[in-house]
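Below, each chain spelled out in residue letters.
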Amino acid sequence: MENLKQIPESKKCEQAKYEYIKSSYAGMFEVLQSLRQDEVFCDIKLKTDDKKIIFAHKVVLASASPYFHAMFTHFSERNHDVVVMKQLDSTALQVLVNFIYTGKIVITEENVRDLLSAANLLQLQEVKEACCNFLQSQLCSTNCLSINAIADLHSCTELLTSSELYIHQHFSEAADGDEFLSLSSEEVIKLISSDKLIVPSEEKVFECVIRWVKHELGSRECVLPQLMEHVRLPLISNNYILNKVIEESLIKDCIECKEYIREALHFHRLKPEELIPQNIRFKPRQADKVILAVDGMDTKFSNGTEFFEPKMSRWHNGPEMITSRKNPGLAVVNDNLVFAVGGSTDHFEPLRSVDVLDLSSESPCWKPSVDMIVKRNILGVGVINNHVYAVGGHNYSDSALDSAEVFDYNTQEWHMISSMSTRRSDPGIGVLDNLLYAAGGFDQSSLQTFDTVECYDPNIDTWTPVAKMCGRRRGFGVGVLNGVLYAVGGHDGLNCLSSVEAYRPSTGVWTTVADMNFTRLRAGVVALDGLLYVVGGSYNCYIVDSTEYYSPETNTWTIVTASKNYPHTSGGIVAINMPRHFKTCSYS
């Protein structure tokens, strides 16, 4: 008795409790499925239009489907033991009922459309999403139009968006298929009127319209004028219009169509200084914007050009330059003329020469333009009202320039403008609100890298100081996006930079934004589709073979997966309309 320990009073009074949680309900549903198959305890029969009967339990159906829950709680069917399921495929309904009981479903090309339609009606969101995911994975040029129609019919938002994007990106292939011929005239008009359509040339749109009309000529010929209203004939080459469009028999018999031809031919006769008419047929499709890049470094590819399609994430070879120039400035005039300005030779001799690429030409190639007044290497270039400004740079290895000059495309002449307050070699140049900003740069004679900024007003031929940057920079890229001037990367005199800062005229100050993923010197920078793209550059003599873009909305940089065909610094890049007549070769 002495060895016995007394149990505390509190322990004797506590009430014991043990909680057990079932790890899986699979066994229970196996029993329910077995009962259903044996028609045991079933209190509802689902009858389809083809007289098939599917047995089930109301409580099980109601627990999985909001449709059945409403039916068996609020409507007259709650007192019925047979419900007619109109316009539902019996096989699809059987598969969905099996899914409710087993949690398993197999989706195939043969059943996906019926399953999606039934799942949408029964509000089985999991199955609807699974069907959309399956259709998404099956998207190709032969089915994208029908998948888009299905997504629209059943309000599948993500699938609708992705299929529309796929159609825009693969219009040429999709329009060559049978699905295109089955579209209504309204659907064809919606498609060919889109600015987002990506086509190798507007000729393809014209050919697709003619093919669609001829497929059912008797009923479709009457809508040809409506379709031709959305074909951008002015963007088609003059030769194609004369040799193909005019000679098409359907066009010859259509008075309204001849007016569109006259409009296009008149456009091709316009002089550069004449205004382009303002209607949709003269507007390049927005999706046709690409980035043109030229080499900016001493490499064997220094004549090379490439262009990048952001939406397709792929690079193409472009026309080779006629002058091997390192560190040129690039500028676009009249939306279709690309100027390569200055730079240096293979032997580092600064250049006065300028070459131009006419993107509207049927055979785009670089040709000589008017030389600058001053030799300029690692200069800055900007465009205001189709006037090209060449700013700073250096003309010998130890001499930075404070001078600037402007090229008037209409008179084909360069003339000097007021000099800057500071000699700037390797400056950053940007145009904002018709003012030319010159930022940072380097003076070889004093070995100084600058943080100062000044802007030029062409109306009064005057440079005015503005706020200094957050840090010193030379060899950096400048981009203008949504009224904000960005200074990207470069060198501060000691180190290459990945940092980025932004200037807003409304506040008059520079502020830092997110750093790039890579350090970049003399990278190309351009704004496109609401994003700021940075291409190439170098770091400690190594070439940075990557592209990334900045989103102001999220303050983040994202790497573009596609690589260039050959690595180079891409010191000069511009956004251009997709060249309609380039003989392209994509490689990523």
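See above for the structure.
Residues numbered from 1 in each chain as written. Predicted model: local features only at pLDDT ≥ 70, side-chain atom pairs only at ≥ 80, totals over all residues. Heavy atoms only, no water.

A. Spatial organisation of the overall build of the protein chain. In terms of helices and strands, the protein chain carries 18 helices and 33 strands. Going through the 588 residues of the protein chain one by one, you find that 50% of them count as buried. Long-range pairs, those at least 24 residues apart, make up 56% of the contacts in the protein chain between residues at least 6 apart in sequence. Looking at the protein chain as shown, the accessible area adds up to about 29100 Å², and 50% of this sits on carbon and sulfur atoms. (Helix = DSSP H or I, 4+ residues; strand = E, 2+ residues; numbered from the N terminus. Buried < 20%, exposed > 50% of the residue type's maximum accessible area, 1.4 Å probe, protein only. Contact = heavy atoms within 4.5 Å. Areas by Shrake-Rupley, 256 points an atom, 1.4 Å probe, with all protein chains shown as cover.)

B. Geometry of the pairing of strand 2 (residues 53-56). Side chains Ile 54 and Ala 56 of strand 2 all project onto a buried face; the interleaved residues Ile 53 and Phe 55 project onto a face where none is buried. Both strand 1 (residues 44-48) and strand 2 contribute to a ladder of 4 bridges, which runs antiparallel. Looking at the pairing, Lys 47 lines up with Ile 53 of strand 2. Adjacent in sequence and paired antiparallel, strand 1 and strand 2 are bridged by 4 residues, among which Lys 51 carries a positive phi angle near 75°. (Pairing = 2+ DSSP bridges.)

C. Up close: the packing of helix 8 (residues 144-153) against helix 9 (residues 157-169). Between helix 8 and helix 9, whose axes approach to 9 Å, the crossing angle comes to 155°. Here helix 9 runs roughly antiparallel to helix 8, going by the angle between their axes. Relative to helix 9, the crossing made by helix 8 is left-handed. Here helix 8 contributes Cys 144, Leu 145, Ile 147, Asn 148, Ala 151 and Asp 152 to the contact with helix 9, which in turn contributes Leu 159, Leu 160, Ser 163, Glu 164, Tyr 166 and Ile 167. (Axes fitted to C-alpha atoms, helices over the stretch in contact; angles between N-to-C directions. Parallel < 35°, antiparallel > 145°, perpendicular 65-115°, else oblique. Left-handed = near helix turned anticlockwise from the far one by under 90°.)

D. Examining the sheet that holds strand 23 (residues 477-481) more closely. Read across the sheet, 4 strands follow the order 23-24-25-26 without closing on themselves; strand pairing throughout is antiparallel. Looking at the sheet topology across the chains shown, the edges are occupied by strand 23 and strand 26 (509-513). For this sheet, the mean inter-axis angle between neighbouring strands, taken without regard to orientation, is 25°. Relative to strand 25 (residues 500-504), strand 24 (residues 484-488) runs antiparallel, the two sharing 4 bridges. In the strand pairing of strand 25, Leu 485 is matched with Tyr 503.

E. Main features of the packing of aromatic side chains. Using the criterion set out here, one finds 15 aromatic pairs in the structure. Between Phe 206 and Tyr 240, the ring centres sit 6.4 Å apart and the planes meet at 90°, which makes this aromatic pair edge-to-face. Here Phe 206, found in helix 13 (residues 202-215), pairs with Tyr 240, found in helix 16 (residues 238-245); they are 34 residues apart in sequence, far enough to count as distant. Note on Tyr 456 and Trp 463: the rings are 5.1 Å apart at their centroids and 45° apart in plane angle, and the pair reads as tilted. We classify Tyr 456 as buried; its relative accessible area is 3%. Classification of Trp 463 by relative accessible area gives buried; the value is 11%. Of the aromatic side chains, those joined through ring pairs into one cluster are Tyr 67, Phe 68 and Phe 72. (Phe/Tyr/Trp six-rings, centres within 6.5 Å; stacked < 30°, edge-to-face > 60°.)

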